[in-house]
Amino acid sequence: MKLNKLFLAAGVCAALAGGTGALVARNAEAPQGAARTPAHDDGNTAVRWNTVARELTAGQGHGHGHGGIPILGGRPLALLSVAQLAAIETLPRGASMRVAIAAASATVLAHDHAPRASEFEAKLDQEKSAARSAGETGEAIAAGERTGRSVAEQLLAKRATDGHTEPGPFTPLTGDGYWRSAHAADPIGTHWGKVRPWLLESAEQFRPMAPPAVGSAEFQAALAEVKATTASLTPEQKQLAQKWMNPVDGYWNEVAADLIARDELSDEVGARVLTLMNVSIMDAAITCFEAKYHYQYPRPSHMDTTIAMAVMLPNHPSYVSGHSCVTGAAASVLEHYFPSDAATIRATAEEIAQSRLYAGVHYRFDNETGLQVGRAVGERALEVQPTAAQLISR
């Protein structure tokens, strides 16, 4: 169960003995009751389909994608979550919420995974059958399906022009103090900083301050730290570097799903938590890559080729850390909604950021600044509390 993994990852096993996390929502309150739901319980439709999506997108983001095509980290899950929330918010009186969420989810997933569309339709049929067994009428089920499909199609049409498939010209900065792409390889994500955000006024809204000047005393100290750390990794540190080497947006969705299921949150509340977290993750990734290609800061191994890396070097600039940006965004939203788990969530976020130093692919300031950037984006989402309609209209 990933909820256990969350606690153990941060080394805070004592948290498992505590009570459940109370949802602190502005628009809804967590259900009360002594019985707790197992992780990924069938009672939450948004979580069920989030699980399906995560299995499909495992390994994607920040340089990985279906068919080998790089995709912007967090985008598939953001689309799914916004569609789910839109289906809930536009649901006609008497229509099936379960079927509306399922129809919206199936439509979004079929768009990105067309060869598997029949699988999603079969799963939607299962949801409709379950709704009938629960006493919902044929009219309610049909209305829910129409609503879910309609809002998902509107969302997909709107986001088709968000710039995620439109790489523009890239002009590398030249000189010893700038990042360089791997030999004979295209740089990853040169246009991701130009993708239209969900929440931000622009990708530059939370652009971090410039990193230390290459060659400065601060830079040399940071570079020396990377070299010393990687030269003396403990087995535990190497394990952490490799444990967190893959994109982490799916991991944070699994944590969120576990917490939602554990606290028996309704479809409406669960969908809102997932939506705010996932649009924050995507906007944090946009902000991150805007900064990466604005500064084009060299990786540690570019400046000292004797640095040994515990993972493969990502083919994009160093500043700031994508793992840390995504993690900061996810953690800030989850800490808000699950305050009793905040210390554990924060500790796991710090571990993920630190793992990039252990891996030898980032300086400490890449990771620390990345967490700050991600948290700023997540806090923006919590402040704005957008409706699905507002997100779609962007």
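Residues numbered from 1 in each chain as written. Predicted model: local features only at pLDDT ≥ 70, side-chain atom pairs only at ≥ 80, totals over all residues. Heavy atoms only, no water.

Draft legend 1. Representation of helix H7 (residues 217–231) within the structure. With 15 residues, H7 extends 21 Å from end C-alpha to end C-alpha; this agrees with the ideal 21 Å at 1.5 Å per step. For H7, the complete set of buried residues consists of Phe219, Ala222, Leu223, Val226, Thr229 and Thr230. Each buried residue of H7 lies within a common arc of 130 degrees when the element is viewed along its axis, so the set occupies one face. Summarising the geometry of H7, the exposed residues directed more than 90 degrees from the buried face are Ala217 and Ala231. In this fold, the buried residues of H7 make contact with helix H11 (300–303), helix H13 (342–359) and helix H14 (364–384). (Helix = DSSP H or I, 4+ residues; strand = E, 2+ residues; numbered from the N terminus. Expected span 1.5 Å × (residues − 1). Buried < 20%, exposed > 50% of the residue type's maximum accessible area, 1.4 Å probe, protein only. Arc of directions from axis to C-beta. Contact = heavy atoms within 4.5 Å.)

Draft legend 2. View of the nonpolar core. Within the largest apolar cluster, 86 residues are counted, with the highest numbers of intra-cluster contacts made by Trp198, Trp252, Met277, Leu334, Phe338 and Tyr363. Per-element accounting of this core gives the leading share, 17 residues, to helix H10 (residues 267–295). What Tyr363 contacts, discounting residues up to four positions off in sequence, is Phe219, Ala222, Leu223, Val226, Tyr297, Pro298, Arg299, Pro300, Met303 and Ser318. Within the second largest apolar cluster, 16 residues are counted, among which are Leu56, Ala103, Ala110 and Ile141. (Core = buried A, V, L, I, M, F, W, Y, C linked by side-chain atoms within 4.5 Å.)

Draft legend 3. Region of the structure containing the pattern of salt bridges. Per the stated rule, a full pass over the model turns up 19 salt bridges. For Glu119, the salt bridge is made with Arg116, and the minimal N-O distance between the two is 3.0 Å. A residue is classified by how much of its surface remains accessible, and Arg116, at 37% relative accessible area, is partly exposed. (Salt bridge = Lys/Arg side-chain N within 4 Å of Asp/Glu carboxyl O.)

Draft legend 4. How the structure looks around the packing of aromatic side chains. Counted under the stated rule, the structure contains 13 aromatic pairs. For the pair Tyr295 and Tyr319, a centre-to-centre distance of 5.6 Å together with 75 degrees between the ring planes defines the contact as edge-to-face. With a gap of 24 residues between them, Tyr295 in helix H10 and Tyr319 in the loop between H11 and helix H12 (322–337) connect regions that are remote in the sequence. Taking relative accessible area as the criterion, Tyr295 reaches 16% and is therefore assigned buried. Positioned above the aromatic ring of Trp49, the side-chain terminus of Lys123 is 5.4 Å from the ring centre. Sitting over the ring of Phe289, Lys292 keeps its end group 5.6 Å from the ring centre. (Phe/Tyr/Trp six-rings, centres within 6.5 Å; stacked < 30°, edge-to-face > 60°. Lys NZ or Arg CZ within 6 Å of the ring centre and 35° of its normal.)

Draft legend 5. Structural view of the side chain of Asn253. Along the polypeptide, Asn253 turns up in helix H9 (residues 249–262). In this structure Asn253 comes out as buried when scored by relative accessible area, which is 0%. If sequence neighbours within four positions are ignored, Asn253 has contacts with Asn50, Arg54, Leu77, Leu274, Met277, Asn278 and Ile281.

Draft legend 6. Structural view of the packing of helix H2 (residues 45–57) against H9. At their nearest, the axes of H2 and H9 sit 10 Å apart, and the two run at 160 degrees to each other. One finds that H2 runs roughly antiparallel with respect to H9. Of the two elements, H2 crosses H9, and the hand of that crossing is left-handed. Across from Val47, Asn50 and Arg54 in H2, the residues of H9 making contact are Gly250, Asn253, Glu254, Ala257 and Ile260. (Axes fitted to C-alpha atoms, helices over the stretch in contact; angles between N-to-C directions. Parallel < 35°, antiparallel > 145°, perpendicular 65-115°, else oblique. Left-handed = near helix turned anticlockwise from the far one by under 90°.)

Draft legend 7. Broad picture of the side chain of Ser280. Structurally, Ser280 is set in helix H10. With residues up to four places along the chain from it excluded, the contact list for Ser280 reads Leu199, Ala329, Val333, Val377, Gly378 and Ala381.

Draft legend 8. Region of the structure containing the packing of H2 against helix H4 (residues 97–112). Where H2 meets H4, the axes come as close as 9 Å, and the angle between the chain directions of the two elements is 15 degrees. Relative to H4, H2 is oriented roughly parallel. Pair H2 / H4 crosses with right-handed handedness. Taken together, the residues of H4 that come into contact with H2 (itself represented by Thr45, Ala46, Arg48, Trp49, Val52, Ala53 and Leu56) are Arg98, Ile101, Ala102, Ser105, Ala106 and Leu109.

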